[in-house]
Amino acid sequence: MVKKLEELNLLDNFLFEALAAHPEFGAAFGRKLVEIILKRSPEKVRVVAQRSYSGSNPKLHGARLDVYLEEEQTSVQDSISWSYDIEPEKDRTLQAVRSLPKRVRFYHAKIDAKGLKAGDSYHKLKNVAVIMIMPFDPFGLNRMVYTIRNTCIEEPDMPYDDGSFTMFLYTKGQRGIPSKELRQFLAYFEHTTESNACNKDLEELHEMVSQIKMDEEVELEYMKIYEREEMIRERGFDEGFSKGQAQGQAQGQTLGETLCLFRQITKKLAKGKAPEIIAEELEEKEELVVKICRLIRENPDKSLEETAHML
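In what follows, the accompanying structure is described. (Residues numbered from 1 in each chain as written. Predicted model: local features only at pLDDT ≥ 70, side-chain atom pairs only at ≥ 80, totals over all residues. Heavy atoms only, no water.)

### A few points about the packing of aromatic side chains
How two aromatic rings sit relative to each other is set out by the distance from centre to centre and by the angle between their planes. Scanning the entire structure with this criterion turns up eight aromatic pairs. Seen in terms of ring centroids, phenylalanine 16 and phenylalanine 29 are 5.5 Å apart; in terms of plane orientation they differ by 75°. Their pairing is edge-to-face. In this pair, phenylalanine 16 is assigned in helix 1 (residues 13–21) and phenylalanine 29 in helix 2 (residues 26–38), connecting sequence segments 13 residues apart. Given a relative accessible area of 0%, phenylalanine 16 falls into the buried group. A ring pair is formed by phenylalanine 185 and phenylalanine 189, whose centres lie 5.4 Å apart and whose planes are at 55°; its orientation type is tilted. (Phe/Tyr/Trp six-rings, centres within 6.5 Å; stacked < 30°, edge-to-face > 60°. Helix = DSSP H or I, 4+ residues; strand = E, 2+ residues; numbered from the N terminus. Buried < 20%, exposed > 50% of the residue type's maximum accessible area, 1.4 Å probe, protein only.)

### So, the packing of helix 1 against helix 6 (residues 200–214)
In the contact formed by helix 1 and helix 6, the axes pass within 10 Å of each other and the chain directions differ by 100°. With respect to their mutual orientation, helix 1 and helix 6 come out roughly perpendicular. Mapping the contact onto sequence places Leu15, Ala18 and Leu19 in helix 1 and Met208, Val209, Ile212 and Lys213 in helix 6. Of the residues assigned to the contact of helix 1 with helix 6, the class counts are six nonpolar, no polar and one charged. (Axes fitted to C-alpha atoms, helices over the stretch in contact; angles between N-to-C directions. Parallel < 35°, antiparallel > 145°, perpendicular 65-115°, else oblique. Contact = heavy atoms within 4.5 Å. Nonpolar A, V, L, I, M, F, W, Y, C, P; charged D, E, K, R; others polar.)

This is a description of form; function is not addressed.
Printed below as a string of C-alpha cells:
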C-alpha cells in the first residue's frame, strides 16, 4: 500500500527530495543536514536534488544522486570547499547491501570526474563526503556511525588525507558514542513526527517538513505518483487475480477429482477390500491407491477434504 503524503518520513525519497528541491527551504535543509551530521557550519550551500551523472557514452553506467550539496566559497581563503551526496537508503536486499561499498566508490568517482575544469590543479579538487542514511545495519556490527576513509595499511597512523570519506548512518545502531543530537536526528529521520522533533534543530526541520506536506504543488506531484503506483498495483492485482483464478479453477478441478477418488476408495475399504483389488476395480495405479488407503487409515479424525489435501 502506497503511503499518503502526510505519512511520509524523511527516509522516504519523495519527501527527502521534495524538501531538498524546494526553492524556499532547500538550502536551509541542506545546511541543517551538514550541521547536524558533520558539525560543519557552511555559510552558503547550493542544493541539487536528483543530480544525474551520465556515462561518457550510452554503454557506460551513470549515477543519480538523491541530494547533492555544494558549499559555496565566501572568501579567497576558502580555497577548498566541500561537496556532499546524501542518500536515504531503504533497499535491504542482500545484493543491494553487499554492493554498497562499490556503489559509494562509484559515486565518489563520478563526483570527482566532474570536479575539475581543464587545466585546473589537483589541489582545487573539492573534498567529497558521501553519506548513506538507512534503517538497517549495513555491516551487522550494530554501530550508528561507520566512517570510511582511505588509509595506509602498513602505517595506519600515517597522515593521508585525500579529501574524501563515506559515512553509513544506521538509525537504530547502539555501539559507538554518537552525539545525542545525531541520535535524535536519526530517530526523527526514520519517524518524522512532531513528538520526535525534540530539540531546536529538529523543531526547525519539522517546521520545514510540515510546510512541505501542506504545499499544494508538492501534494499534486505526490498524488500523481500515488495514483500511478495505485494503478500499477491494481493492474498487477487484476492480472494476478485472473491468473490465480485460472490456476484455481484447474486446481479445483483436480482436487474435485481427487476427492471423488477418496470417497470411492473409502467405501470399498469399508467393505473390507484390499488396496490392490480396489486399484483393479477403479482402474487406478496400485501405488496411488495404496497411498490413499494409508492416508485414510492414518487420519481417521480428519475429513476426506483435509486428507485429500495431504496427497
